[in-house]
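# Descriptive analysis of the structure
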Amino acid sequence: MSDKPIARASILDIAAYKPGKSKSPSGQSLAKLSANESPLGASPKAMEAYRYYADRLAEYPDGGATALRQAIGDVHGLDPDRIGVGAGSDEILHLLAQAYVGPGDETVMSQYGFLVYPIVTNAAGGTCIKAPETELKADVDALLDAVTEKTKIVFLANPNNPTGSYLSVDEINRLHQGLRSDILLVLDAAYAEYVDAADYQAGIELVDRAQNVVMTRTFSKIGLANLRVGWFYGPAHILDVYNRLRGPFNVNGIAQAAAEAAVRDVDFTAELKAHNAKMRDLLVRELQSNRFKTYPSQCNFVLTEFADERGFTAADAFNLLMEKGLIVREMHSYGLPNCLRISIGTEAQMKLVIQTLQEMSDHG
Ligand SMILES: *Cc1c(COP(=O)(O)O)cnc(C)c1O
């Protein structure tokens, strides 16, 4: 007998998720280009809704999130009964794993996929298997090869964080066709609002014609990261399971009201997308060189690979950017130690990133 309570072994195997830093070692606050937040803040309409609800803190929220699901349904053309909401899409990923994965089961993710998938798998008692990638892009054949009789969920971020790469609708369909019908395919479309590739689909069409696919989305990357709201679209039988499992008031009322206003503010979302595309193009164009291999991105960040050469490493670049008051995301925990992930910020911040890295390159 132990002298204290001991958590299950699969929980103790979890490497706690480390969010991007926001302060320098000396405690100075920095412009945060490490968390893929909105550089234009939140929709003014969402802020107004938030302020209005500040007077109603004593009330329980609508546990069914009716108005929010209706708004998402209106804007995206979806049946609100097949939409579920959660405290960030993180909560949705956790609950899906709890519902469909148990001890001895497996999930599959891509090698450089989002690091929350192994956490939610372990939390449910399962094991997450990583399928190798080619050129920092998910590989459908490798994902299918990683499936075993124990597989319960395949998690795919499309487009992916931290690589920025995506799979086309044809590749997603081929992945889905190769999966047994009892395996759940979770398409995590956290960055769907930023994609402009013509051959991309977030997953709505596939959810509509399959019984084993859900598409997850989030408000975090479009201005509401602090409020923790995510949603998913799936078949009715999965919504039924989700609604049994979730906390009865899992998304607070202020977050529901602000998210409802935000999703209806399609002009703000369009403005954010246009700003992002312009700055992302600029960053990729200016950084693309032998010294800084910058990967094409469909997201609100770019991944840049640095040389393994003194003075030009990712750590050197990280420190120089920090001296200029900018903090970007180091990639050790993703197994990409030579890379930095740089969130798209304001125009002034992007110019400072470009200038700093060019100076570093010139001094070589
Ligand atoms: C940011 C992110 C999420 C989760 O966001 P929430 O803030 O929990 O809604 C999910 N998936 C990917 C790939 C992300 O980058």
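Note that the structure is predicted; figures quoted are calculated from it, not measured. (Residues numbered from 1 in each chain as written. Predicted model: local features only at pLDDT ≥ 70, side-chain atom pairs only at ≥ 80, totals over all residues. Heavy atoms only, no water.)

## Quick notes on the environment of Ala-274
Along the chain, Ala-274 turns up in helix H11 (residues 266-287). When its relative accessible area of 49% is taken as the criterion, Ala-274 is described as partly exposed. C-alpha of Ala-274 to C-alpha of Gly-247: the two residues are 27 residues apart in sequence and 37 Å apart in space. (Helix = DSSP H or I, 4+ residues; strand = E, 2+ residues; numbered from the N terminus. Buried < 20%, exposed > 50% of the residue type's maximum accessible area, 1.4 Å probe, protein only.)

## Things to note about the pairing of strand E7 (residues 213-218)
In terms of residue burial, E7 counts as a mostly covered element, since 6 of its 6 residues are buried. The side-chain alternation of E7 yields two buried faces, one formed by Val-213, Met-215 and Arg-217 and the other by Val-214, Thr-216 and Thr-218. Across 4 bridges, strand E6 (residues 184-188) lies against E7 in parallel orientation. Each bridged residue has a counterpart across the sheet, and for Leu-185 the counterpart in E7 is Val-213. Chirality of the crossover, the property in question, places the unit of E6, helix H8 (residues 204-209) and E7 among those that are right-handed. Across 4 bridges, the pairing between E7 and strand E8 (residues 230-233) is antiparallel. Looking at the pairing, Met-215 lines up with Tyr-233 of E8. (Pairing = 2+ DSSP bridges. Right-handed = clockwise from strand over helix to strand, strands pointing away.)

## A word on unusual backbone geometry
Here the amide bond leading from Asn-158 into Pro-159 is cis, since omega sits at -5 degrees, within 30 degrees of zero. For Pro-159, the location among the structural elements is in the loop between strand E5 (151-157) and helix H7 (169-177). Here the bond from Asn-161 into Pro-162 is cis, since omega is 15 degrees, no more than 30 degrees from zero. Looking at the secondary structure, you find Pro-162 in the loop between E5 and H7. For Glu-135, which is not glycine, the phi torsion reads 50 degrees and is therefore positive. Considering the arrangement of structural elements, one finds Glu-135 in the loop between strand E4 (127-131) and helix H6 (140-145). Glu-135 sits in the exposed class, given a relative accessible area of 60%. Its identity is not glycine, yet Arg-228 carries a phi of approximately 60 degrees, on the positive side. Along the chain, Arg-228 falls in the loop between E7 and E8.

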